[in-house]
Amino acid sequence: MNKDLRIVFLGTPDFAVGILKSLIEAKHTIVGVITAPDRPAGRGRKLKHSAVKEYALSQGLPVLQPTNLKNEDFLASLKALQANLQIIVAFRMLPKVVWSMPEHGTFNLHASLLPQYRGAAPINWAIINGEKETGVTTFFIDEKIDTGAILLKSSVAIKENETVGSLHDTLMDLGSELVLKTVDTIAQGNVETFPQPLEGVLKDAPKLTPENMKIDWSQPGEKIVALIRGLSPYPVAWCQLTQDDQTNKVKIYAAEFEADSHKQNIGHIFTTKKTMKVAVINGYVLIKEMQLPGKRKMDIVSLLNGNDFSENAKMS
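Parameters at a glance
Residues numbered from 1 in each chain as written. Predicted model: local features only at pLDDT ≥ 70, side-chain atom pairs only at ≥ 80, totals over all residues. Heavy atoms only, no water. Helix = DSSP H or I, 4+ residues; strand = E, 2+ residues; numbered from the N terminus. Contact = heavy atoms within 4.5 Å. Areas by Shrake-Rupley, 256 points an atom, 1.4 Å probe, with all protein chains shown as cover. Lys, Arg positive; Asp, Glu negative; His and termini not counted. Charge placed at Lys NZ, Arg CZ, Asp CG, Glu CD. Core = buried A, V, L, I, M, F, W, Y, C linked by side-chain atoms within 4.5 Å. Buried < 20%, exposed > 50% of the residue type's maximum accessible area, 1.4 Å probe, protein only. Phe/Tyr/Trp six-rings, centres within 6.5 Å; stacked < 30°, edge-to-face > 60°. Lys NZ or Arg CZ within 6 Å of the ring centre and 35° of its normal.

1. So, the overall build of the protein chain
Broken down by element type, the protein chain carries 8 helices and 18 strands. Seen along its three principal axes, the alpha-carbon backbone of the protein chain occupies a region of about 70 × 50 × 30 Å. Contacts spanning at least 24 positions in sequence make up 65% of the contacts within the protein chain whose residues lie at least 6 apart. A total accessible area of about 16,600 Å² is found for the protein chain, and carbon and sulfur atoms account for 50% of it. On the protein chain, the mean spot of the 36 positive side-chain charges and the mean spot of the 34 negative ones are 4 Å from each other.

Below is the structure:
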């Protein structure tokens, strides 16, 4: 039996736009979209729409932007949409009164192979931790974060030099396919779920902060490069550059590791006309793209062409 589905979609960033677009192109009925309130952005602090709102408006879809998900007016507006299925992609935690509302439930697309990497930044942490494989999972929402019964999974290999930017796009496409497959399963009444395993070592995907985005140059070079790849092109790994008694924050977008045995001080910078490398415990990290304070991101050759680094320059 094929059920007539009326879907409310909940999401905010670019990642969610790709999934919403695939649902519309597959001719599914989207009766409403819920996304984050407009936020001030840029130098003028003008209110900026979320990526999902921009796309939803372009498709003529009704948009709700609640600040309080338990607000009675919002709940009445949501109920009036008469949805029988809700789909979440990169949105905030929902109260039970919202996720339990539709007849066929509320399912979430998470960008990891659950139960691994529950949390806010699963794509980043899979790369930062040097995983060889990741994927996407659909699961029904419950009272906790990313713990509900699993519907479907799909996996993909993480390439050797993968960045969060490239993996984001791969998982968005993979996620679109999995969401469509999940919706079809629900529409056909063939839903089968599996509880998430409770045993084994679980790796989390906590929110990214300035503290966990800072490069620790005392780490092995492979780990440093993995951190840089896992934060590029956004939100970007950073560290302090000190030379001539001045210390400034710099951002590093791309780097490679060169294994070597040496007795150099950790963090010491070595430059030629075309290269910059930083001493680490098991070799050198070769900087490929960097941004100096007040400057644009530059490849290292261009950066060295216009900037000199003293012999005492170091990263910390």
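Moving on, there is more to tell.
2. Regarding the nonpolar core
Residues F9, I87, F107 and V183 are the most contacted members of the largest nonpolar core, which totals 39 residues. In terms of residue count, the dominant contributor to this core is helix α6 (residues 164-187) (10 residues). Not counting the four nearest positions on each side in its chain, I87 is found in contact with I7, V8, F9, L10, L23, F107, V179 and V183. In terms of nonpolar packing, the next biggest core, distinct from the first, is built from 36 residues, L208, M213, C239 and F309 among them.

3. A few points about the packing of aromatic side chains
On inspection of all chains with the given rule, the structure shows 1 aromatic pair. With a centroid separation of 5.9 Å and 90 degrees between ring planes, the pair formed by F270 and Y284 is classed as edge-to-face. Within this pair, whereas F270 is found in strand β14 (residues 269-271), its partner Y284 is found in strand β16 (residues 283-291), the two being separated by 14 residues in sequence. On the basis of relative accessible area, F270 is assigned to the partly exposed category, the value being 26%. Note on Y284: relative accessible area 6%, which makes it buried. Lying over the aromatic face of W238, K214 brings its terminal NZ or CZ to 5.5 Å of the ring centre. The residue whose ring lies beneath K277 is Y284, and the NZ or CZ to ring-centre distance is 4.2 Å.

4. Describing helix α7 (residues 221-230)
Counting buried positions along α7 gives 8 out of 10 residues, so the element sits mostly inside the fold. Within α7, burial applies to G221, I224, V225, A226, L227, I228, R229 and G230. Considering only its buried residues, α7 is in contact with α5 (122-128), α6, β12 (237-243), β13 (246-259), β15 (276-280) and β16.

5. Things to note about the side chain of S22
Here S22 lies in helix α1 (residues 14-25). Excluding residues that lie within four positions of it along the chain, S22 makes contacts with S176 and L180.

This is a description of form; function is not addressed.
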